[in-house]
Amino acid sequence: MRQELILTYLFVYILSFSFAQEALPLYEPTKVKASGDWLLYQANQPAALYSTQDGHLVLGNGLVSRSFSIAPNGATIGVDHLQTGESFLRSVRPEAEVQIDGIVFEVGGLVGQPIHNYLLPEWLESMEADPGSFKLQGYRMAETKERFPWKKREDWMPKDMPWPVPGKELVFSYKLDEAALEELGKRLNSDDGRERLVNDTFESLRNEWKRVESDADERSSFINEGKAGEIMALANTAVYAEQSVLPQASVFIARINPGTDKSSSWGPGIGLVFSDQVVKLNLRPGDEAIGFFDGYKELIVNGLSPGVSVWLRLELRDNKLLASWSYDNNVWTQAGEVAYTQSPVSVRVGKMDPTGKNSDHPTAKGQLERSRIEAFYMLGESDGDVSPLEAYRYLKDITVNVHYELYDGLPVFGKWITVENHSGKTITLNTFKSEILAVTEPESHVDPTEKWLYPNITVETDYNFGGMTAENIFRSSIAWKTDPLYLTQVNYERTTPVLLEVAPKYGPEQEILPGSTFASYRAWELIHDSWERERKGLEHRRMIRAMAPWVTENPILMHVRSAETEAVKKAIDQSAEVGFEMVIMTFGSGFNAEDDSEENINRIKSLVEYAHSKGVALGGYSLLASRRIGGGHDVVMPEGMTPRFGNSPCLESEWGHAYFRKLYNLYQKTGMDVFEHDGSYPGDVCAAEHHPGHRGLADSQWNQYSRIADFYQWSRSEGIYLNIPDYYFMAGSNKTAMGYRETNWSLPREQQEIIERQNIFDGTWTKTPSMGWMFVPLVEYHGGGKAATIEPLRDHLPHYGQRMANLFGAGVQATYRGPQLYDAPETKELVEHWVGFYKKHREVLDADIVHLRRPDGRDWDGILHVNPSGQEKGLLMLYNPLDQDIRRTIQVPVYYTGLHDRVLVEDQWGQTTSVEVSRDYYLPLEVSLPKKGYAYFSFK
């Protein structure tokens, strides 16, 4: 991902801004549909752009297609899986959304769809462009391009991988026209034209807010489970936040989601506090009404739709306070008015008592319920003297490009936006949404549901952090949201999460200089053809391997626990002797990546040269987050938030800038090959305003992530292997932890063996074997004494061998942490055996895993490696944890090996037999497994 602003010297898209493209082939779905299973064979259709008889465009590859209108505006009008015939799109939305200089614009899209359950082609004829949106100017096609350079380490790869991913890029370009400026003029004469004094979407709780929370229940909070603005409270109790009213304020707006709240007079709302009274406008979900308390009495307006977010508005005008409400912040319904003689002193949002004050019902407090204040705005007066057609004419010189990629043989779309500033002034991109996709629901529930099933699309981005699994993406860069336009859905509260939005949670709040371009992060959308867990996992893993092919680098590595010169040389020597490929000076070894002294750099450089002379890569460990720096260099978290790991420096502080300068310097001067970066940037925001690399809270996450992603991508270009316990694969990292609890290595050795296989079995549902590391502490680690420790290695050969059988047999590399890999000839022979096994079968071991039986210590367990494109198409790895030999007939699912008729089975002693495959693609295999042992079989 290119996070920096890239200087653009010439506006080169002259031809692309014309619809007069060369003739495109006619789209005929039955003819372009790919035959065969894409997981087994390369699909027979490359990505291509087609036209339809009614003038639309289709980007397809025989597996999936995405269709676009080009008039009256650009819009996605279809997302289809061609092999299953399933349509994923139910409603047309904007192609993107940008907020520039505080003004929100839709990019592309069509309006006027009668209902949003499904989309009929004939409806498109009457749908129109939103007059205020960016309009399509043209499109162009190109080959896919690499996101950043990758220096391949092919010795660590099972086979070469293409980079960039072969496919096509389709770019749509949009600009504002005169009609959009006229529409903007109308908006600026409404609330959109007022000065925003407070603009709060409650990503965190700002210091200006004072929380008032009932003590009727210990869970009462305005920051429920760390989420600012989410209210947890008994129905008839008061929980709200209050801040002072600014002197120039005249309008107060809150967007409130009633959630599960069923109260009435205590319903969530907004209140203006005067010296002698409170005027309150609130939701009454309990009786589906709006309540307006004018300081003396309450007026109730019936007709509130349940379960949807509602805008509440209070305006001070001509000595009157006007109250109104809306579902869309556009069409408002009056709720009441009252005269006032003095200015309000403060504003409250949340649950107040019937008079807008802080009290609970004396007896009937009700049950715990959840609601949310989603946004609050305090606005000033509008400037009626400014002509938007003049003051905002520079916006016509802004181009928003919507980029799509579709890849050969993969049911995966890539998408991102770029914003080009061809005006004569610096603009600020406050926020963006690079994808807004209204998807069909996979299930319908009338009643409230605790856990929804999301649509059958897996989304990845290269803006993902804060943990070691793909799930962290929901905290960083995407969301499945409820759809406010989908009023005809089955769910009574209309909370079905079927609107995909790709947007950062903060900012990015980036300045774009004249002649420069901003690029968003990228999203990849995998359109699944099945709900079956194994197949979905295989599809996901295949996508990761294609979009981030460096994850296939899988070196055999050792963690040496001392960075002293002789200790490192011993580790290098032993690694070279037994075939290990990498040594890392581990945590606690004394290696200091921040020591930029000439003495340290020269010493490390000499060690690197020594390692390279032995054919071994060398690198070290550094801790970034989860430590405190002090001196004003740490992140300043908003109230109610704490750093992900308790403490963390701000990467855009002076210390952060110096830290990365030292890393670049160290790796450039020493030639080290691997960097293990612990506690990588987890997404902590920073509200400090004195750090040189960001201006405040809004741009802090974007800038910090850009800092670290740039370093990781530079590392990829230099061939530096990256071990990072975070989900940075798309941004350049090679490997993260497979998933384990470190204190488990203090358990008795026999228990460690089974738990280790459980960790691998569970982790490889979403990771390829090469994407996750395991851990083998050769010396005591977290206690446990002799019963838990492998050293002396020669005294525990059966256990040491079993650990390597677990790991190399799964194609999973572990960090073998200790002073040595072997301590006797027989230990060395054991290590050499398993290293040789792995290298002999590397291609199939590093391929996909089919899960057979999870380890439980009560019977056999096993996995099947599958590689349909290789010579060795499968490798079956079986384990017996019991104290006795066992014989079993195992039905092995061989479909994903590509062997569908007969299989030549070769056991670990070289004995072969030919076995027929059943009609349902199972291979009946009789096996004998030794007690506390294993067996493996190669399939050809």
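Residues numbered from 1 in each chain as written. Predicted model: local features only at pLDDT ≥ 70, side-chain atom pairs only at ≥ 80, totals over all residues. Heavy atoms only, no water.

Taking an unreviewed UniProt entry as the reference, the protein chain is identified by name as Alpha-galactosidase belonging to Lunatimonas lonarensis.

### Overview of the sheet that holds strand β30 (residues 435–439)
Sheet architecture is open: 4 strands sit in the order β7-β30-β33-β32, paired in antiparallel fashion. In this open sheet, the two edge strands, each paired with only one partner strand, are β7 (89–91) and β32 (478–482). Neighbour-to-neighbour, the strand axes of this sheet turn through a mean angle of 45°, independent of strand direction. Relative to strand β33 (residues 497–502), β30 runs antiparallel, the two sharing 4 bridges. Across the sheet, the residue bridging to A438 is L499, located in β33. (Pairing = 2+ DSSP bridges. Helix = DSSP H or I, 4+ residues; strand = E, 2+ residues; numbered from the N terminus. Axes fitted to C-alpha atoms, helices over the stretch in contact; angles between N-to-C directions.)

### As for the pairing of strand β9 (residues 103–107)
Two faces belong to every sheet, and in a regular strand the side chains alternate between them. Only one face of β9 is buried: it carries I103, F105 and V107, and the other face, with V104 and E106, is open. Pairing between strand β8 (residues 96–100) and β9: 5 bridges, direction antiparallel. Note that in β9 the partner of I100 across the bridge is I103. From the end of β8 to the start of β9, which pair antiparallel, there are 2 residues, and D101 there has a positive phi angle of about 50°. (Buried < 20%, exposed > 50% of the residue type's maximum accessible area, 1.4 Å probe, protein only.)

### Some points on the side chain of D261
Here D261 is to be found in the loop between β17 (251–257) and β18 (268–273). For D261, a relative accessible area of 1% puts it in the buried group. Not counting chain neighbours up to four residues away, the residues in contact with D261 comprise P268, P285, K351, E369, R370 and S371. (Contact = heavy atoms within 4.5 Å.)

### Description of the domain arrangement of the protein chain
One frequently used descriptor of interface size is the decrease in accessible area upon assembly of the parts. Per the domain assignment, the segments of the protein chain are domain 1 (29–185 + 401–545), domain 2 (195–380), domain 3 (555–737) and domain 4 (848–939). The C-alpha-based centres of domain 1 and domain 3 are spaced at 33 Å. In this complex, domain 1 contributes 34 residues to the contact, which on the side of domain 3 involves 34 residues. For the pair domain 1 and domain 3, the summed buried area comes to about 3000 Å², and 60% of that belongs to carbon and sulfur atoms. The largest share of the area that domain 1 buries against domain 3 comes from W156, M468 and Y506, three residues that together contribute 25% of it. Inspection of the domain 1/domain 3 interface yields 1 salt bridge. With its nearest N and O atoms 3.6 Å apart, the salt bridge here joins D673 to R153. Linking domain 1 to domain 3 there are 14 residue pairs in polar contact (both at pLDDT 80 or more). Taken together, the residues of the side of domain 1 that touches domain 3 break down into 16 nonpolar, 9 polar and 9 charged. (Domains from an automatic or database assignment. Buried area = accessible area lost by both parts, 1.4 Å probe. Salt bridge = Lys/Arg side-chain N within 4 Å of Asp/Glu carboxyl O. Polar contact = N/O pair within 3.5 Å; in protein donor to acceptor, adjacent residues only side chain to side chain. Nonpolar A, V, L, I, M, F, W, Y, C, P; charged D, E, K, R; others polar.)

### Topic: the pattern of salt bridges
Summed over the entire model, instances satisfying the criterion amount to 62 salt bridges. Residues K168 and E143 are paired through a salt bridge, measuring 3.2 Å at the closest nitrogen-oxygen approach. Taken together, the positions of K168 in strand β11 (residues 167–175) and E143 in strand β10 (residues 135–143) put the pair 25 residues apart, joining distant regions of the chain. By sharing partners, the salt bridges in this structure join D191, R194, R313, E315, R317 and E381 into a single network.

### What about unusual backbone geometry?
Most peptide bonds adopt trans geometry, and most residues besides glycine take a negative phi value. In this structure, the amide linkage connecting G507 to the following residue, P508, adopts the cis form with an omega of 25°. By the element assignment, P508 lies in the loop between β33 and β34 (510–512). Of note in the backbone geometry, E288 takes a positive phi value of approximately 50° without being a glycine. In this structure, E288 sits in the loop between β19 (278–284) and β20 (289–293). Residue classification places E288 among the partly exposed positions, given a relative accessible area of 32%. Phi at K932 takes a positive value of approximately 50°, unusual for a residue other than glycine. By the element assignment, K932 lies in the loop between β51 (922–929) and β52 (933–939).

### Brief notes about the nonpolar core
In this structure, V98, Y800 and Y816 are the most contacted members of the largest nonpolar core, which totals 144 residues. Core analysis: the next-biggest nonpolar cluster, separate from the first, contains 53 residues, L526, M547, Y727 and L929 among them. (Core = buried A, V, L, I, M, F, W, Y, C linked by side-chain atoms within 4.5 Å.)

### Let's talk about the packing of aromatic side chains
Per the stated rule, a full pass over the model turns up 58 aromatic pairs. With 6.2 Å between their ring centres and 85° between their planes, F172 and Y404 make a pair best called edge-to-face. A residue pair is termed long-range when its members are at least 10 positions apart, and F172 in strand β11 and Y404 in strand β27 (residues 398–407) qualify at 232 residues. As far as burial versus exposure is concerned, F172 and Y404 are alike and both buried. Taken together, a centroid distance of 5.5 Å and an interplanar angle of 15° make the contact between Y705 and Y728 stacked. In this pair, Y705 is assigned in helix α9 (residues 700–718) and Y728 in the loop between β41 (721–723) and β42 (736–737), connecting sequence segments 23 residues apart. Over the ring of Y377 we find R196; its NZ or CZ atom is 4.5 Å from the centre of that ring. (Phe/Tyr/Trp six-rings, centres within 6.5 Å; stacked < 30°, edge-to-face > 60°. Lys NZ or Arg CZ within 6 Å of the ring centre and 35° of its normal.)

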